[in-house]
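Residue-level structural notes
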Amino acid sequence: MLSNRALASVTFYPYWLDTAGAPKPEAPLIGKTETDLLIVGGGFTGLWAAIIAKEANPERDVLLIEAETIASGASGRPGAIVSTSVMHGLHNAIRIFPRDLAQLEVLGQNNIAGFLRTIAQHQIDCDAEWNGELTVAVGRENLPTLREEYELHRTHGHEVQLLDAQATRAEVNSPLFEGALWARKNSGTLHPAKLAWGLKRAALSLGVRIHEHSPLKRLEDEGNAVTVTSRDGEIRARQVLLATNAFAAGHDRIKKRVAMVRDRILMTEPLTPEQMDRIGWRNRQGIYDTRTQLNYMRLTRDNRILFGGRLGYFYGSPRDPELDRTPAPYGRLADAFFRTFPQLDDIRFTHAWSGPIALTTRMAVHFQTYHGGKMIYAGGYSGFGVSASRFGAEIGLAKLAGSERPELNLEFARTMPNVIPPEPFRYLGACLTMHALDTADSKGGWRKLWLKIVGSLGFPLS
Ligand SMILES: Cc1cc2nc3c(=O)[nH]c(=O)nc-3n(C[C@H](O)[C@H](O)[C@H](O)COP(=O)(O)OP(=O)(O)OC[C@H]3O[C@@H](n4cnc5c(N)ncnc54)[C@H](O)[C@@H]3O)c2cc1C
C-alpha cells in the first residue's frame with residue numbers, strides 16, 4: 001500500500017539522464033570513412049578508451065560510434081557508488097586471482113589516480129563526493145562476514161573502520177543495520193551522466209570523432225583491416241575496440257561468457273532538511289548491504305535517495321524491456337526501501353529504471369580478442385564498472401597494441417571467465433536463480449542448494 005502510493009507518479013526513465021545539461025548528440029556517421037582505431041560503444045569504457053588512445057598519440061585517428069546516445073547503456077543508469085578495486089572488490093579479487101592480489105591492488109590505486117587526474121584536468125563537474133562506502137550487515141548473522149571483511153581490508157592496508165549497531169545507526173539510521181564496515185579512502189559517489197557527458201566533451205576536445213545513432217550492424221575481416229558497417233555508414237578500421245559491455249555487440253562469441261541481466265533502481269524526491277534529520281547520513285557514504293539479493297543506496301547532491309538492487313532477466317536481452325517501464329517490477333524494491341527507512345513513510349519516488357549488467361563468472365572485466373588481434377572486447381564488469389571501466393579501456397588498448405607492459409602477463413589479462421550455458425538453459429537458470437535470490441535469506445531450503453549449484457559454475461552466489 002505504502003509502496004503503491006510512493007510509486008504512483010513515478011517516471012520510468014533514468015533520473016541521471018533526465019538531468020539538465022545533456023549535450024546535443026553528435027551526427028550519425030553517413031558514408032564511408034577510415035580510421036586507425038574504431039571504438040564501438042559510447043559508455044564509460046568507450047569514452048575512456050578514446051581519451052587514453054588520443055592522449056597517448058594525438059596523431060592517431062580515433063573514431064567512436066554509439067548505437068543510441070552517449071551513456072544510454074549502463075553508464076547512464078548505475079548507482080554510481082565508486083570504488084578503487086578493478087576486480088569488483090577485495091573479496092572477489094581474492095576469489096579469482098589470489099596470487100596477483102598485490103599487483104591488482106596497485107593497479108586499482110593507479111586507476112583511480114588516473115580517473116581523478118582526467119576529471120581535474122578537463123574540469124568535469126560530476127557531483128563527486130569522496131566520503132567512502134559502508135558495507136552494512138542486515139541481520140546479526142551477517143556480523144561475522146563483516147568482521148572477516150574488516151580483517152581482510154586491514155591486512156591489505158585499507159583504511160577501514162568497523163562500526164557496531166549503535167555507531168552504524170548514528171551514521172545512517174535504519175533499524176535493519178546491525179553493524180558496518182566503513183572504507184574511507186578513494187571511494188564515494190558521483191553523477192554518472194555528468195561524468196559521461198564530461199568525458200565526451202574531453203574526447204571531442206582531444207580530436208576524437210564521435211557519431212551517435214550509429215549502431216554497428218556488420219563486421220568483416222579484410223586481412224590488414226576490419227570493415228564495419230553501421231546504420232548509414234561504413235568504416236575501414238586498422239583496429240577495433242568493442243566497448244559494448246552487456247550488449248556484447250561485435251562478435252557472436254562474446255555472449256558465450258557474458259549474460260545481460262537487468263538491475264533496478266528507484267530514486268526519491270529530494271528529502272527536506274527535516275526528513276534528512278530522520279535518517280542522519282551526515283557523512284553521505286555510498287552503502288551496500290550484505291544480503292544475498294543485495295540493496296545499495298546513496299544520496300544525490302540535492303538529497304534524493306537512490307535505492308537499487310533487484311535483478312531481472314529477459315529472454316533475448318532486449319535493450320529496454322517494456323516490463324521495466326511499468327510499476328510491477330519495482331514494488332518489492334519499494335518494500336525493501338520502506339523496511340530500510342520506515343521513518344520515511346511520507347516519501348515519494350520520482351524515477352524508476354533498470355539497466356543492463358554484463359554478468360560473467362569472474363564478476364569483473366575480461367578481454368576477448370578476435371581477427372588475429374585486430375579487435376578486442378573489453379567488458380563484463382558485472383555491475384561494478386564506474387571506475388573499473390577506465391582500467392578495462394586501458395588494458396584493452398594495451399593488448400590491442402601488443403604492449404609488453406608487465407600487467408598483461410597477469411592471469412586477469414590472459415584468461416577468460418567460464419562459459420555460461422546458452423538459451424534456453426540460460427533463461428531457465430536465471431529465472432530460478434532470481435527466485436532463489438529473493439527468498440534464500442528468509443526461506444533457505446532448496447534455494448540455498450540451487451545457489452550452490454550456480455556457484456559451482458563460477459558465480460559467487462552461495
Ligand atoms: C542498475 C545498475 C547499477 C550499477 N551500479 C553501479 C555502481 O554503483 N558502481 C559501479 O561501479 N558500477 C555500477 N554499475 C555498472 C556500471 O554502470 C557499468 O559497469 C559501466 O557503466 C559499464 O560501462 P560500459 O561503457 O562498459 O558499458 P555501457 O555503458 O553499457 O556502454 C556500452 C555501449 O555500447 C553501445 N552499443 C551496444 N551495441 C552497439 C552497437 N551495435 N553499435 C554501437 N554501439 C553499441 C550501447 O548503446 C552502450 O552505450 C551499475 C550498472 C547498472 C545497470
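Identification of the chain as FAD-dependent oxidoreductase from Rhizobium lusitanum is taken from an unreviewed UniProt entry.

Some words on the overall build of the chain
Along its length, the chain carries 13 helices and 18 strands. Taking 2.2 N^0.38 as the reference for a compact globule, 462 residues should give roughly 23 Å; the C-alpha atoms of the chain span a radius of gyration of 21 Å, in line with that estimate. In terms of overall dimensions, the chain has C-alpha extents of about 65 × 45 × 45 Å along its principal axes. When the 462 residues of the chain are sorted by exposure, 59% land in the buried category. The long-range share in the chain, meaning contacts at least 24 apart out of those at least 6 apart in sequence, stands at 75%.

Side note on the packing of aromatic side chains
Under the defined criterion, the tally for this structure stands at 14 aromatic pairs. Among the aromatic residues, ring-to-ring pairing joins W281, F307, F337, F338, F341 and F349 into one connected group. Across the ring face of W182, the terminal group of R184 is positioned such that the distance to the ring centre comes to 3.7 Å. The ring of W48 has R390 lying over it, and the distance from NZ or CZ to the ring centre is 5.6 Å.

Some thoughts on a nonpolar patch on the surface
A cluster of nonpolar side chains, contributed by Y315, Y427 and L428, occupies part of the molecular surface with about 320 Å² of accessible area. In this structure, Y315 sits in the loop between strand 15 (305-312) and helix 9 (331-340).

Some thoughts on the packing of helix 2 (residues 44-56) against helix 7 (residues 192-205)
Closest axis-to-axis distance for the helix 2/helix 7 pair is 9 Å, and the angle between their directions is 30 degrees. Between helix 2 and helix 7, the angle falls in the class roughly parallel. The interaxial crossing formed by helix 2 with helix 7 has left-handed handedness. Every residue of helix 7 that contacts helix 2 at F44, L47, W48, A50 and I51 is listed here: P192, L195, A196, L199, K200, A202 and A203. By residue class, the composition of the contact of helix 2 with helix 7 is 11 nonpolar, no polar and one charged.

Some remarks on the sheet that holds strand 4 (residues 133-138)
The sheet built from eight strands is open, its strands ordered 5-6-4-13-14-15-12-16 with mixed pairing. Strands at the two margins of the open sheet, each flanked by one partner only, are strand 5 (160-163) and strand 16 (349-359). Recorded for the sheet is a direction-independent mean angle of 20 degrees between the axes of neighbouring strands. Where strand 12 (residues 259-268) lies against strand 15, five bridges are found, and the strand directions are antiparallel. Along strand 15, the bridge assignment pairs L266 with F307. The strands that helix 5 (residues 143-155) touches are strand 4, strand 5 and strand 6 (177-183); relative to strand 6, the one it contacts most, it runs at about 10 degrees. In this fold helix 12 (residues 425-443) packs onto strand 12 and strand 15, with an angle of close to 130 degrees to the strand it touches most, strand 15.

As for the packing of helix 4 (residues 101-121) against helix 10 (residues 388-400)
Here helix 4 crosses helix 10 at 100 degrees, and the two axes come no closer than 9 Å. Between helix 4 and helix 10, the angle falls in the class roughly perpendicular. Mapping the contact onto sequence places L107, N111, G114, F115 and R117 in helix 4 and A388, R390 and F391 in helix 10. Its residues assigned to classes, the contact of helix 4 with helix 10 comprises four nonpolar, two polar and two charged.

Considering the UniProt feature "domain: FAD dependent oxidoreductase" (unreviewed entry) in the chain
UniProt annotation of "domain: FAD dependent oxidoreductase" (unreviewed entry) refers to residues 36-394 when read in the numbering used here. Structurally, residues 36-394 is divided into 28% helix and 28% strand, and its ends, taken at the C-alpha atoms, are 17 Å apart.

Considerations on the pairing of strand 13 (residues 286-289)
Neither face of strand 13 is exposed, since G286 and Y288 on one face and I287 and D289 on the opposite face are all buried. As paired strands, strand 4 and strand 13 are joined by four bridges and run parallel to one another. Paired with E133 across the bridge in strand 13 is G286. Here strand 13 folds back onto strand 14 (residues 296-299) in antiparallel fashion, the turn holding six residues.

Brief notes about helix 13 (residues 446-456)
Here helix 13 has its buried residues at R447, L451 and V454. The buried residues of helix 13 occupy an angular sector of 55 degrees when the element is viewed end-on, so they sit on one face. For helix 13, the exposed residues set more than 90 degrees away from the buried face come down to L449, K452 and S456. In the core, the buried residues of helix 13 are packed alongside helix 12. At the exit of helix 13 stands G458, carrying a positive phi of roughly 125 degrees.

Conventions used here
Residues numbered from 1 in each chain as written. Predicted model: local features only at pLDDT ≥ 70, side-chain atom pairs only at ≥ 80, totals over all residues. Heavy atoms only, no water. Helix = DSSP H or I, 4+ residues; strand = E, 2+ residues; numbered from the N terminus. Rg over C-alpha atoms; globule rule 2.2 N^0.38 Å. Buried < 20%, exposed > 50% of the residue type's maximum accessible area, 1.4 Å probe, protein only. Contact = heavy atoms within 4.5 Å. Phe/Tyr/Trp six-rings, centres within 6.5 Å; stacked < 30°, edge-to-face > 60°. Lys NZ or Arg CZ within 6 Å of the ring centre and 35° of its normal. Patch = residues over 30% accessible without salt bridge, like charges linked within 9 Å, V, L, I, M, F, W, Y side chains within 5 Å. Areas by Shrake-Rupley, 256 points an atom, 1.4 Å probe, with all protein chains shown as cover. Salt bridge = Lys/Arg side-chain N within 4 Å of Asp/Glu carboxyl O. Axes fitted to C-alpha atoms, helices over the stretch in contact; angles between N-to-C directions. Parallel < 35°, antiparallel > 145°, perpendicular 65-115°, else oblique. Left-handed = near helix turned anticlockwise from the far one by under 90°. Nonpolar A, V, L, I, M, F, W, Y, C, P; charged D, E, K, R; others polar. Pairing = 2+ DSSP bridges. UniProt positions renumbered as here; feature names shortened; annotations may be inferred. Arc of directions from axis to C-beta.

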